[in-house]
Amino acid sequence: MKTFRRRATALIAPIVAALAGALVWMAGAPPAGAAAGCAVRYQITSQWSGGFGADVTVTNLGDAISGWTFAWTFTAGQRVTQAWNATVAQSGSGVTAKDAGYNATIPAGGSVTFGFNGSWTGANPVPTYYALNGTACNGPATPSPSPSPSPSPTATPTVTPTPSPTPTPAPGRVTVWLAGDSTVANGSGNIVGWGREFGQYLTSNATVVNSAVGGRSVQTWLYESAVTGQKNSAGECVLSSNAYAARWQAMLDASTGMKAGDHLFIQFGINDGDSACPRHVGATRFRELLTTMVQAARQRGANPVLVTSTAALTCSGSTATGNRGFLTDTFAVGTATGTPVIDLHKLSYTLYNTLRFCPFNGDYTSGPVGAFFADDHTHFEAAGARQIAGLVAGAVRDQRLGLAAYLR
């Protein structure tokens, strides 16, 4: 357990309490011809001796933006050390964050979120200056005469305005169903799976139902207590019955479960490699059960997506490396059934390299690794889970999956 961190957190609690609350700056409506204003939520999500993590949410109060640069100024010598969901550069006290490509568009009234880790000495106050595409978010704002100016009564005869293009209808409501293990599950204590954080990347028209459960292989997730501790002649765990667990029955329910247009994300492969029952699953059985889930989703008009397991943090010198099994099997099911596969395994260890987690001394109680992982090399703190969820959202966008229409 993170005894060191929890003691340290208690010592700095008064500081974090003052800093971790969301700080919002908002510019009023700009005068005609001026650039649009913005609102900023700068939140310190974790802090340790000499370092901290932060999330920044920028809300666009003007017309839609395609391509953005967000700037702020540190006031106490802080430095950005790593960042995600944006390309961040720093010169002196000035910092700029540029869009990552997939999140370049911010619609009117829409928001974008990115995060970073940083260093501090002495104090870590929140910035007091922010700007979006060169326009200060907290600068003096001259309000317009009214939110929606009406024509002056002495104006010349009204000219009929050019009709605006008919907006694209918003997509209907859908449910995103999640099936997986502890790296996906909502979690407990300081352990958080990416599924708990996934909803923040989606619009209000998408509802996440996270049915992932810690410690499960695909077979124990589907059949739970029906999986015995005995193996058959093929080396697979024997089932005492073919009755599905309640979580899968709920997804299959004709009235309240998966429906046309919904999405089912399936991630297994970490616990399946256990040599002992009940968690053990062989490669052939693994493919069979994934295929069963994919076909059941399709029969109900839902869109299945296969996800490879998140990588544990294992270092070879200064490089984070891959380490999970059932990757080939997951891709094989995707190919055989025509189901998209998100290679979260590769995306996750690539992220670890981007964040320079290696070489690593094994201390999960402090520093950037301690803020990302919870007690071990597999499970995440909330900040880490949020970044992993961002990888899934980015893959949905990059692979142009159906759920991309619901991304913020």
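In this text, all values refer to a predicted model and were calculated from it rather than measured experimentally.

**A few points about the overall build of the protein chain**
Moving on, step 1. The number of helices and strands found in the protein chain is nine helices and 21 strands.
Moving on, step 2. When the 408 residues of the protein chain are sorted by exposure, 46% land in the buried category.
Moving on, step 3. Across the protein chain, every contact between residues at least 6 apart in sequence was considered, and the portion connecting residues at least 24 apart equals 71%.

**Observations regarding the nonpolar core**
Moving on, step 1. Ranked by internal contacts, the top residues of the largest apolar core, which has 43 residues, are Phe-265, Ile-342 and Tyr-352.
Moving on, step 2. Looking at this core, the elements with two or more residues in it are strand E13 (174-180), strand E18 (303-307), helix H7 (344-354), helix H8 (367-372) and helix H9 (382-398).
Moving on, step 3. A total of eight residues in this core trace back to one element, the largest contributor, which is H9.
Moving on, step 4. Apart from the residues lying within four places of it in its own chain, the contact partners of Tyr-352 are Ala-311, Ala-312, Leu-313, Ala-320, Phe-357, Phe-372, Phe-373, Phe-380 and Ile-388.
Moving on, step 5. Trp-221, Leu-252, Ala-296 and Leu-306 belong to the second largest nonpolar core, which has 30 residues in total.

**As for the packing of H7 against H9**
How two helices pack is summed up by the angle between their axes together with the distance between the axes.
Moving on, step 1. Close contact between H7 and H9 brings their axes to 10 Å; oriented N to C, the two are set at 125 degrees. Our classification of the angle between H7 and H9 gives oblique. Between H7 and H9 lies a crossing of right-handed hand. Between H7 and H9, the residues in contact are Leu-344, Leu-347, Ser-348, Leu-351 and Tyr-352 and Gln-387, Ile-388, Leu-391, Val-392 and Ala-395, respectively.
Moving on, step 2. Split into classes, the residues belonging to the contact of H7 with H9 amount to eight nonpolar, two polar and no charged.

**So, the state of the cysteines**
Moving on, step 1. For the structure shown, the criterion picks out three disulfides.
Moving on, step 2. Covalently, Cys-38 is tied to Cys-137 through a disulfide, its sulfur atoms 1.6 Å apart. Because the torsion about its S-S bond is -90 degrees, the bridge between Cys-38 and Cys-137 counts as left-handed. One end of the pair, Cys-38, is in strand E2 (residues 38-48); the other, Cys-137, is in the loop between strand E12 (135-136) and E13, and 99 residues separate them in sequence. Residues Cys-38 and Cys-137 agree in their burial class; the two are buried.
Moving on, step 3. Across the disulfide from Cys-237 sits Cys-277; the S-S distance is 2.1 Å.

**Re the packing of helix H5 (residues 283-299) against helix H6 (residues 327-337)**
Moving on, step 1. Between H5 and H6, the shortest axis-to-axis distance is 10 Å and the interhelical angle comes to 40 degrees. For the element pair H5 / H6, the angle class is oblique. Note that H5 runs across H6; the crossing there is right-handed. Of the residues in H6, those in contact with Ala-283, Phe-286, Arg-287, Leu-290, Thr-291, Val-294 and Arg-298 of H5 are Thr-328, Asp-329, Thr-330, Ala-332, Val-333 and Thr-337.
Moving on, step 2. Residues that form the contact of H5 with H6 fall into these classes: six nonpolar, four polar and three charged.

**What to know about H6**
Moving on, step 1. Those residues of H6 that fall on the buried side of the exposure criterion are Asp-329, Thr-330, Val-333, Gly-334 and Thr-337. What you see down the axis of H6 is that its buried residues fit within an arc of 140 degrees, all on one side. Seen from the open side of H6, the exposed residues pointing more than 90 degrees away from its buried face are Thr-328, Thr-335 and Ala-336.
Moving on, step 2. Buried positions along H6 lie against H5, E18 and strand E21 (341-342).

**Some words on the sheet that holds strand E14 (residues 206-210)**
Moving on, step 1. Strand order in this open sheet of five strands is E14-E13-E17-E18-E21, and the pairing throughout is parallel. What marks the edges here is a single partner per strand, and that holds for E14 and E21.
Moving on, step 2. Both strand E17 (residues 263-267) and E18 contribute to a ladder of four bridges, which runs parallel. Within the sheet, the bridge partner assigned to Leu-264 lies in E18 and is Pro-304.

**Some thoughts on the sheet that holds strand E8 (residues 94-98)**
Moving on, step 1. Spatially, five strands are ordered E7-E8-E5-E11-E12 in an open sheet, and the strand pairing comes out antiparallel. Each edge of the open sheet carries a strand with a single partner, namely strand E7 (87-91) and E12.
Moving on, step 2. For strand E5 (residues 69-73) and strand E11 (residues 130-132), the ladder comprises three bridges, and the chain directions are antiparallel. Paired with Trp-72 across the bridge in E11 is Tyr-130.

**Overview of the packing of aromatic side chains**
Moving on, step 1. Summed over all chains, the structure comprises 28 aromatic pairs.
Moving on, step 2. Measuring from centroid to centroid gives 6.4 Å for Tyr-244 and Trp-248, while their planes differ by 90 degrees, and the two rings are edge-to-face.
Moving on, step 3. With a relative accessible area of 27%, Tyr-244 lands in the partly exposed category.
Moving on, step 4. An angle of 40 degrees between the planes, with centres 5.7 Å apart, marks the rings of Phe-373 and Phe-380 as tilted.

Criteria and thresholds
- Residues numbered from 1 in each chain as written.
- Predicted model: local features only at pLDDT ≥ 70, side-chain atom pairs only at ≥ 80, totals over all residues.
- Heavy atoms only, no water.
- Helix = DSSP H or I, 4+ residues; strand = E, 2+ residues; numbered from the N terminus.
- Buried < 20%, exposed > 50% of the residue type's maximum accessible area, 1.4 Å probe, protein only.
- Contact = heavy atoms within 4.5 Å.
- Core = buried A, V, L, I, M, F, W, Y, C linked by side-chain atoms within 4.5 Å.
- Axes fitted to C-alpha atoms, helices over the stretch in contact; angles between N-to-C directions.
- Parallel < 35°, antiparallel > 145°, perpendicular 65-115°, else oblique.
- Left-handed = near helix turned anticlockwise from the far one by under 90°.
- Nonpolar A, V, L, I, M, F, W, Y, C, P; charged D, E, K, R; others polar.
- Disulfide = S-S within 2.5 Å.
- Arc of directions from axis to C-beta.
- Pairing = 2+ DSSP bridges.
- Phe/Tyr/Trp six-rings, centres within 6.5 Å; stacked < 30°, edge-to-face > 60°.

Functional significance is not addressed by these values, which are geometric in nature.
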